[in-house]
Amino acid sequence: MIRTSIKLAAAMTCVLALAGCALLSTPDPVQTYRFGGPAAAGAAEGQIALRPVNLRRVEFPEAVEGDRILGVTGTETAYIAGARWVSPAADLYMESLENAFSAQATRVRIIGPRELSRGERSLNVDVRAFEARYDAPGMAPMVVVTARARLLATPDRTVAAERTFTVQQPAAANRVSAIVEAFDIATRDLNTQIVAWTDANAG
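Residue numbers run consecutively from 1 along every chain, following the written order of its sequence. The predicted nature of this model means local features are confined to residues of pLDDT at least 70 and side-chain atom pairs, given and counted, to a pLDDT of 80 or more, with totals for whole chains, interfaces and linings taken over all residues. Note that water and hydrogens are dropped before the side-chain values are worked out from all heavy atoms of the structure.

**Side note on the environment of A178**
Defined as follows: Runs of H or I in DSSP of at least four residues are treated as helices and runs of E of at least two as strands, each being numbered from the N terminus. Note on contacts: a residue pair is in contact if any heavy atoms of the two residues lie within 4.5 Å.
Residue placement: A178 occurs in helix α3 (residues 176–201). With 37 residues separating them along the chain, A178 and P141 place their C-alpha atoms 9.5 Å apart. Apart from the residues lying within four places of it in its own chain, the contact partners of A178 are A171, A172 and A173.

Rendered as structure tokens:
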């Protein structure tokens, strides 16, 4: 009986020790980042007859629509360890595109998905690539952002104009901060091109 009690006590001691280790262990720290920058100042007042364009929700590939940053080497993919976007990438990009239109558009006024008014044109943007591409492991990657933009006439939704944009921005180093900076630069460049294209084709 005493021997059984000793065994039970020893087993309980091991269980408590393991539980203590589990409670004391902490996950690896994760730094969060954003891209696209804060909301920019709106275009100057006094512009005449801005054409309203409905901006539909931007579509992202499933692998990159969340908060993880994708790295690609040849046919292999992996998420960059220790780094996340502060919000899902699809949400951050949508915000950055709306900000770009607010600050840069001269002929159109974007109507966001949450607004009730409707315009004669609808802008669909599908992001096809949003990733850091490595020529070889350990090298500084090239950030590649590709998006297809389509202007649709409403209500029949015929395609009035369509274009695919690709921006490649080299990271200055194989560091997370440099890779995030390259994503930020590439996104701003892409948005500037989409705004200018929409201005030119929405009439």
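**Here we look at the packing of aromatic side chains**
Under the convention used in this document: Ring pairs are drawn from Phe, Tyr and Trp, using the six-membered ring of Trp, whenever the two centres fall within 6.5 Å, and their geometry is named by plane angle: stacked under 30 degrees, edge-to-face over 60, tilted for the rest. Whether a residue is buried, partly exposed or exposed follows from its accessible area with a 1.4 Å probe, protein chains only, as a fraction of its type maximum: under 20%, in between, or over 50%, in that order. Put simply, a charge is over a ring when the Lys NZ or the Arg CZ is close to the ring centre, within 6 Å, and near the line of the ring normal, within 35 degrees.
The final tally for this structure, using the stated rule, is eight aromatic pairs. Ring centres of W85 and F183 lie 5.4 Å apart, and the angle between their planes is 85°; on these two criteria the pair is classed as edge-to-face. A residue pair is termed long-range when its members are at least 10 positions apart, and W85 in strand β4 (residues 76–85) and F183 in helix α3 qualify at 98 residues. The pair formed by W85 and F183 is uniform in burial state, with each residue classed as buried. Cluster of aromatic residues (ring-pair linked, three or more members): F35, F60, W85, Y93, F130 and F183. The ring of Y79 carries R68 above its face, with NZ or CZ at 3.9 Å from the centroid.

**Side note on the pairing of strand β7 (residues 142–153)**
Our working definition: In short, DSSP must find at least two bridges between two strands for them to pair.
For β7, a buried count of 10 out of 12 residues is recorded, marking the element as mostly surrounded by other parts of the structure. Here strand β6 (residues 121–134) runs beside β7; their pairing, made up of 12 bridges, is antiparallel. Looking at the pairing, R133 lines up with M142 of β7. Note: β7 against strand β8 (residues 158–170), 12 bridges, orientation antiparallel.

**Let's talk about the environment of R133**
We apply this condition: Throughout this description, a polar contact denotes any pair of N or O atoms lying within 3.5 Å of each other; where both atoms belong to protein, one of them has to be capable of donating a hydrogen while the other can accept it, and for residues adjacent in sequence the pair is counted only when both atoms sit in side chains.
If you trace the backbone, R133 turns up in strand β6. Along the backbone, R133 and P170 are 37 residues apart, and their C-alpha atoms lie at a distance of 9.3 Å. Excluding residues within four positions of it along the chain, R133 makes contact with V72, P141, M142 and V144. Of note is the side chain of R133, whose polar atom sits 2.7 Å from the side chain of E131.

**Quick look at the confidence of the model for the chain**
Do not read the fine detail of predicted coordinates wherever pLDDT is low. Stated precisely, the cut-off is as follows: Confidence scores per residue from the predictor, reported as pLDDT, run from 0 to 100.
Summing up the model confidence of the chain, the mean pLDDT is 84 and the portion of residues at 70 or higher is 79%. Low pLDDT, under 50, characterises residues 1–26; the stretch is placed with zero contacts to residues that sit more than four places away or in other chains.

**Here's the deal with the packing of helix α2 (residues 89–104) against α3**
Between two packed helices, the angle of one axis relative to the other and the distance separating the axes together describe the packing. Heads up, the condition is: Axis definition: a line fit to C-alpha positions, over the contact stretch in the case of helices; interaxial angles, taken between N-to-C directions, run 0 to 180 degrees. For classification purposes, an angle smaller than 35 degrees is called roughly parallel, one larger than 145 roughly antiparallel, one from 65 to 115 roughly perpendicular, and anything else oblique. Crossing chirality is assigned from the near helix's rotation relative to the far helix, an anticlockwise turn below a right angle marking it left-handed and a clockwise turn marking it right-handed.
Packing of α2 against α3 leaves a shortest axis separation of 9 Å and a crossing angle of 50°. Comparing the axis directions of α2 and α3 gives the class oblique. The handedness of the crossing between α2 and α3 is right-handed. When α2 is examined against α3, the residues Y93, S96, L97, A100, F101 and Q104 are found in contact with a partner set consisting of T187, L190, N191, T192, I194, V195, T198 and D199.

**Details of the side chain of D184**
Structurally, D184 can be placed in helix α3. The contacts of D184, once residues within four sequence positions are left out, are F35, G36 and G37.

**Description of the nonpolar core**
What counts, and what does not: Among buried residues, the Ala, Val, Leu, Ile, Met, Phe, Trp, Tyr and Cys ones that are joined through side-chain atoms within 4.5 Å form a nonpolar core.
Y93, L123 and F130 are the most contacted members of the largest nonpolar core, which totals 48 residues. No other element matches the nine residues that α3 contributes to this core. If we ignore the near neighbours within four places in the chain, the residues touching F130 are F35, F60, V64, W85, A89, V144, V145, F183 and T187.

**Side note on the pattern of salt bridges**
This is how the line gets drawn: Salt bridge criterion: a side-chain nitrogen from Lys or Arg within 4 Å of a carboxyl oxygen from Asp or Glu.
This structure, assessed with the given rule, holds eight salt bridges. Residue R57 is joined to D91 by a salt bridge in which the shortest nitrogen-to-oxygen separation is 2.2 Å. Taken together, the positions of R57 in the loop between β2 (51–55) and β3 (68–73) and D91 in helix α2 put the pair 34 residues apart, joining distant regions of the chain. The salt bridge involving R84 is made with D67; its shortest N-O contact spans 3.5 Å. Of this pair, R84 sits in strand β4 while D67 sits in the loop between β2 and β3, placing them 17 residues apart in sequence. Classification of D67 as partly exposed rests on a relative accessible area of 29%.

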